[in-house]
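One-letter residues, chain by chain:
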Amino acid sequence: MDVLYFAWVRERIGLPKEKVETEAATVSDLVAELSAREDRYAAAFADLSALRVALDQELSDFDASLAGVREVAFFPPMTGG
Amino acid sequence: MRVVVQEEAFDLGAETNAFAAGDAANGAIVTFAGVVRDLASGDLDVMEIEHYPGMTERALTKIAQEAMDRWSLGDVLVIHRHGRLAPGDRIMMVATASRHRKDAFEAAEYLMDYLKSRAPFWKKEITTSGAEWVAAKDEDEDALTRW
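> For this particular structure, what's the right way to read the overall build of chain B?
Check the secondary structure of chain B and you find four helices and eight strands. Secondary structure elements of chain B, listed N to C terminal, follow the sequence β-α-β-β-α-β-β-β-α-β-β-α. Relative to the globule expectation of 15 Å for 147 residues, the C-alpha radius of gyration of chain B, 16 Å, shows essentially globular dimensions. Along the first, second and third principal axes, the C-alpha atoms of chain B reach 50 × 35 × 30 Å. Within chain B, the proportion of its 147 residues that are buried is 33%. Pairs at least 24 residues apart make up 78% of the contacts formed inside chain B by residues separated by at least 6 positions.

Here it is as C-alpha cells:
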C-alpha cells in the first residue's frame, strides 16, 4: 500500500510517500511495524495523540482495519482556514 | 456549489460579484475571507501551506455538501490556496447564498469551523530566525461541538 506523510511527520521521517508491503491488520499494527524499522519512524510515531490518520483519503482512527485499504496517510492535526 | 483548491491568488471582488449575481431568489450573500496574519513581532516572511491533493478536494466538497444539506442555501463557494504566501495575502474565502441571512451566516460559520480542523491543510510560519509548524488549537476542535 502507499503510505503518505505530511507536515512535520513528513519532515521527521524524511520522505513524503513510500510503498509498504505489510500484513498489518490495523493502523496501530502498521505504526508498530514502521516504528520498529528505524529511529526516525519511532520519533514520528512517539505520540499518537499528536497524529491523525486517513485511510483512502477519509479521516479514520488508529484502531481501524486496513483490509482493502490502498492509501494510508499520517499527519498532525489540520490547520486550514 | 463550487470548491476550488489552487496555488494562485484569487480575486475576492470578482469572485464575490460573480457569486452574488447567481440567482435573485437569494436575498442574502455572506462572504468570509482569510488573510495571512503577520506575527505579533512583525517578522513573518512566508506562510507555507501544505495540503493533501485529492483528500483536500474531497474533504472540502463534503463540508460544503453538509452545509447545503443542513441549511436552506442557494449556493456555496469555497476557495482555498496552498503554497507560499506572504503576510496580507488572502488564503481562502467562503461565500454562502440563501433566501434569508440567518442561514447564510450560520452556514458560513459552519464552513469555517470545519475548514479549520477537517480539511487537510498544514501551515508553516517562516521567519528570518527559522520555521515553525502552526499547532492546531483546542478551541478550533471544540468549535465543532456546537454543530
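Following the structure, the description resumes.
> How should I be thinking about the confidence of the model for chain B in this particular structure?
Do not read the fine detail of predicted coordinates wherever pLDDT is low. Looking at chain B, the pLDDT average stands at 96 and 100% of residues meet or exceed 70. Taken over the whole predicted complex, pTM reads 0.95, whereas the ipTM for its chain interfaces reads 0.95.

> Sorry, what's going on with the sheet that holds strand S7 (residues 121–127) of chain B here?
One key point about sheets: their strands pair by backbone hydrogen bonds, in either a parallel or an antiparallel sense. Residue and element names in this part refer to chain B. One open sheet holds the four strands; their spatial order is S5-S3-S7-S8, and the pairing between them is antiparallel. Of all the strands in the sheet, just strand S5 (83–85) and strand S8 (130–133) have a single pairing partner and so form its edges. In this sheet, neighbouring strand axes are inclined to one another by 25° on average, regardless of whether the strands run parallel or antiparallel. Here three bridges tie strand S3 (residues 44–51) to S5, and the two strands are oriented antiparallel to one another. Across the sheet, the residue bridging to Ile49 is Gly83, located in S5.

> Is there a simple way to think about the interface of chain B and chain A in this case?
The figure often quoted for interface size is the accessible area lost as the parts come together. Each partner contributes residues to the interface: chain B has 21 residues there, and chain A has 13 residues. At five residues, helix H3 (residues 101–118) of chain B tops the list of elements feeding residues into the side of chain B that touches chain A. Here the side of chain B that touches chain A is built from residues that sort into twelve nonpolar, four polar and five charged.

> It is not clear to me how the sheet that holds strand S3 (residues 52–55) of chain A should be interpreted in this structure. Could you clarify?
All names here are of chain A. Read across the open sheet, the five strands follow the order S2-S1-S5-S3-S4; overall the sheet is mixed. On the outer flanks of this sheet lie strand S2 (17–19) and strand S4 (58–60), each paired with one strand and no other. Taking each pair of neighbouring strands and ignoring which way they run, the sheet shows an average axis angle of 25°. Sheet topology places S3 next to strand S5 (residues 71–75); four bridges connect them, and they run antiparallel. Among the inter-strand pairings, Ala54 is bridged to a residue of S5, identified as Ala73.

> Could you clarify how one ought to interpret the packing of helix H2 (residues 55–70) of chain B against H3 of chain B in this entry?
For any two helices packed against each other, the geometry is given by the interaxial angle and the distance between the axes. All names here are of chain B. As a packed pair, H2 and H3 sit with axes 10 Å apart at the nearest point and diverge in direction by 155°. Overall, the two elements H2 and H3 adopt an arrangement that is roughly antiparallel. Seen from above, H2 lies across H3 with right-handed handedness. On H3, the residues that touch Ala59, Ile63, Ala64 and Ala67 of H2 are Ala107, Tyr110, Leu111, Tyr114, Leu115 and Arg118. Here the residues of the contact of H2 with H3 are counted per class, giving nine nonpolar, no polar and one charged.

> Looking at this model, I keep getting lost on helix H2 (residues 27–37) of chain A. Mind explaining?
An α-helix turns once per 3.6 residues; consequently, residues spaced three or four apart project the same way. Residues and elements named next belong to chain A. Restricting attention to buried positions, one finds in H2 the residues Val27, Leu30, Val31 and Leu34. The buried residues of H2 all sit within an arc of 100° when viewed along its axis, so they share a single face. Along H2, the residues that are exposed and aim more than 90 degrees away from the buried face are Ala32 and Ala36. Of the surrounding elements, those touching the buried residues of H2 are helix H3 (39–44), S3, S4 and S5.

> How should the environment of Gln65 of chain B be read in this particular structure?
Structurally, Gln65 of chain B is set in helix H2. Along the sequence, Gln65 of chain B and Ala28 of chain B sit 37 residues apart, while their C-alpha atoms lie 19 Å from each other.

About the criteria used
Residues numbered from 1 in each chain as written. Chains lettered and ligands numbered in written order. Predicted model: local features only at pLDDT ≥ 70, side-chain atom pairs only at ≥ 80, totals over all residues. Helix = DSSP H or I, 4+ residues; strand = E, 2+ residues; numbered from the N terminus. Rg over C-alpha atoms; globule rule 2.2 N^0.38 Å. Buried ≥ 20, exposed ≤ 12 C-beta atoms within 10 Å, placed from the backbone. Contact = placed C-beta atoms within 7 Å. pLDDT = per-residue confidence, 0-100. Pairing = 2+ DSSP bridges. Axes fitted to C-alpha atoms, helices over the stretch in contact; angles between N-to-C directions. Nonpolar A, V, L, I, M, F, W, Y, C, P; charged D, E, K, R; others polar. Parallel < 35°, antiparallel > 145°, perpendicular 65-115°, else oblique. Left-handed = near helix turned anticlockwise from the far one by under 90°. Arc of directions from axis to C-beta.

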